[in-house]
Amino acid sequence: MLLAANWKLNKTGREAVHFLNNYAQALPPSDVPTVLLAPFTALPALCDAFEGTKLPRAQLSYGAQNFYFEESGAFTGEVSADMLLEHGCTHVIVGHSERRAIFGESDELLGKKVVRAVEKGLVPIFCIGETLTEREAGQLESVLTRQLDRGLSRLTNEQFLKIVIAYEPVWAIGTGVVATPEQAEAAHQFVRTRLKAMIGESANKLSILYGGSVTPANAYSLMSQPNIDGALVGGASLKVDSLMALHTECVRAAKEKQ
Ligand code: PGA
């Protein structure tokens, strides 16, 4: 079970450090790690502050929300994997639906990012998910299949096991309309089956997170589903109390599943 906080375009370095210190202080030891996915400009401050938390990375770590697959060069406005590693990142989101929809990132580009992240030792949290129009047109499975095939086809079987997948139905992101546990589990089950077709039974070891309007109130029923292995949370991750409550619910669901 993994709890990933997608802060999106929120928090200055100072705010991120304040959050980190309060969260680290309140976080009980558990088997459920938290990853804070911060804006680029907050990473240096998080890197400095992290030294003081004394918490093992297995419990609390941080990363970025995007990067570019090239090492260096004429790519104005972009940030490389090495630049994230320099600031202590362990994870990076790849292909969030806002990157796909607002910034026009294609399946092919995302495929290059996923493989480069793994080569560099960053864990990519690779996001997939359908829009409401696609769901209503009966295209859920074809959309997920396309996103998985094009996004992950460059990975070797060994590299595959170093990624995290996040299923985020676009209609549930930031809308307050959460997928029901049954809807989410059905999609996760489909993703798991598809991953098994790609790499065999070891796909059972892959973490598939659910994202889209997850809150402390609905987290337990979602996280208890057999194929849901954690959460990628936007809005409800911005306050320490709320993320801590989400962590408690994830721990409760994880214990039940053991
Ligand atoms: P939300 O965002 O929790 O605010 O719906 C989730 C995400 O976009 O990752």
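What you see is a predicted model, and the numbers here were worked out from it, not measured in a lab. Each chain carries its own residue numbering, running from 1 in the written order of its sequence. Only residues with pLDDT of at least 70 get local features here, since the model is predicted, and only at 80 or more are side-chain atom pairs given and counted; chain-wide, interface and lining totals rely on the full set of residues. Working from all heavy atoms in the structure, the side-chain values ignore hydrogens and water.

Draft legend 1. Inspection of the overall build of the chain at higher detail. Numbering of helices and strands runs from the N terminus, with a helix taken as a DSSP run of H or I at least four residues long and a strand as a DSSP run of E at least two residues long. In terms of regular secondary structure, the chain is built from 11 helices and 8 strands. Put simply, the radius of gyration uses C-alpha atoms, and a globule should come to 2.2 Å times the residue count raised to 0.38. The C-alpha radius of gyration of the chain comes to 17 Å, within 12% of the 18 Å expected for a compact globule of 258 residues. With respect to the three principal axes, the spread of C-alpha positions in the chain is 50 × 45 × 35 Å. Burial classes: relative accessible area under 20% of the type maximum marks a residue as buried, over 50% as exposed, and values in between as partly exposed (1.4 Å probe, protein chains only). Taking all 258 residues of the chain together, the buried fraction comes to 55%. Summarising the internal contacts of the chain: among those between residues at least 6 apart in sequence, 76% fall at separations of at least 24. To measure how exposed things are, a 1.4 Å probe is used in the Shrake-Rupley method; for residues, cover is taken only from the protein chains shown. Summed over its atoms, the accessible surface of the chain is roughly 11,300 Å², and 53% of this surface lies on carbon and sulfur atoms. When charges are counted, Lys and Arg are positive and Asp and Glu negative, with His and the chain ends excluded. Here the site of a charge means atom NZ of a Lys, CZ of an Arg, CG of an Asp or CD of a Glu. Distance between charge centres in the chain, computed from 24 positive and 28 negative side chains, equals 1 Å. The contact criterion used throughout is that any non-hydrogen atoms of two residues lie within 4.5 Å.

Draft legend 2. Structural context of the site of the ligand. For this description, a residue counts as near a given molecule or strand if any of its non-hydrogen atoms is within 4 Å of it. The ligand sits among 13 residues. The nearest are Lys-8, His-96, Glu-168, Gly-174 and Ser-213. Here an oxygen atom of the ligand sits 2.6 Å away from a polar atom, N or O, in the main chain of Gly-174. With respect to the ligand, the backbone of Gly-235 contributes an N or O atom lying 2.8 Å from an oxygen atom. Within the complex, the protein chains bury 95% of what would otherwise be the 280 Å² of accessible surface of the ligand. Only Asp, Glu, Lys and Arg are considered charged, only Ala, Val, Leu, Ile, Met, Phe, Trp, Tyr, Cys and Pro nonpolar, and every remaining residue, Gly among them, polar. Within the shell around the ligand, the residues separate by chemical class into 4 nonpolar, 7 polar and 2 charged. Under the rule applied, a polar contact is a pair of N or O atoms within 3.5 Å (in protein, one hydrogen donor and one hydrogen acceptor; residues adjacent in sequence only if both atoms are side-chain atoms).

Draft legend 3. Structural context of empty space enclosed by the protein. A pocket here means an open set of points on a 1 Å grid, computed over the protein atoms alone, that has protein on both sides within 12 Å along at least five of seven lines. A cavity is instead a set of points where a 1.4 Å probe fits but cannot get out; residues with an atom within 4 Å of a point line either one. Grid points are joined across faces, edges and corners, and a volume is the space filled by probe spheres set on the points. Tallied over the entire structure, the rule returns 1 cavity of 30 Å³ or more. Considering only enclosed or pocket space, the largest cavity measures out at about 30 Å³ in volume. Among the secondary structure elements, those contributing two or more residues to the lining of the largest cavity are α3 (81-86) and α5 (107-120). Here the lining of the largest cavity is built from residues that sort into 3 nonpolar, 1 polar and 5 charged.

Draft legend 4. Inspection of helix α2 (residues 43-50) at higher detail. Within α2, burial applies to Leu-43, Leu-46, Cys-47, Ala-49 and Phe-50. Of the surrounding elements, those touching the buried residues of α2 are α1 (13-26), β2 (34-38), β3 (60-64) and α3.

Draft legend 5. The arrangement of helix α11 (residues 240-257) in detail. What a helix is expected to span follows from its residue count: subtract one and scale by 1.5 Å. Helix length check: α11 (18 residues) gives 26 Å between terminal C-alpha atoms against 26 Å at 1.5 Å per residue, within 8%. Listing the buried residues of α11 in full gives Val-240, Ser-242, Leu-243, Met-244, Leu-246, His-247, Glu-249, Cys-250, Val-251, Ala-253 and Ala-254.

Draft legend 6. Examining the packing of aromatic side chains more closely. Put simply, two rings from Phe, Tyr or Trp (the six-membered ring, in Trp's case) pair if the centres are within 6.5 Å, and we call them stacked under 30 degrees between planes, edge-to-face over 60, tilted for the rest. If you walk through the whole model with that rule in mind, you get 6 aromatic pairs. Between Trp-7 and Phe-19, the ring centres sit 4.9 Å apart and the planes meet at 70 degrees, which makes this aromatic pair edge-to-face. Of this pair, Trp-7 sits in the loop between β1 (2-6) and α1 while Phe-19 sits in helix α1, and the two are 12 residues apart along the sequence. Relative to Tyr-210, the ring of Tyr-167 has its centre 6.4 Å away and its plane inclined at 55 degrees; by these criteria the two rings are tilted. Taken as a pair, Tyr-167 in strand β6 (residues 164-167) and Tyr-210 in strand β7 (residues 207-211) lie far apart in primary sequence, 43 residues in all. In this pair, the class of Tyr-167 matches that of Tyr-210, namely buried. Among the aromatic residues, ring-to-ring pairing joins Trp-7, Phe-19 and Tyr-23 into one connected group. Of note, Arg-252 hangs over the ring of Tyr-220, and the distance from its end group to the ring centre comes to 3.8 Å. Two conditions define a charge sitting above a ring: the NZ of Lys or the CZ of Arg must be within 6 Å of the ring centre, and it must be within 35 degrees of the ring normal.

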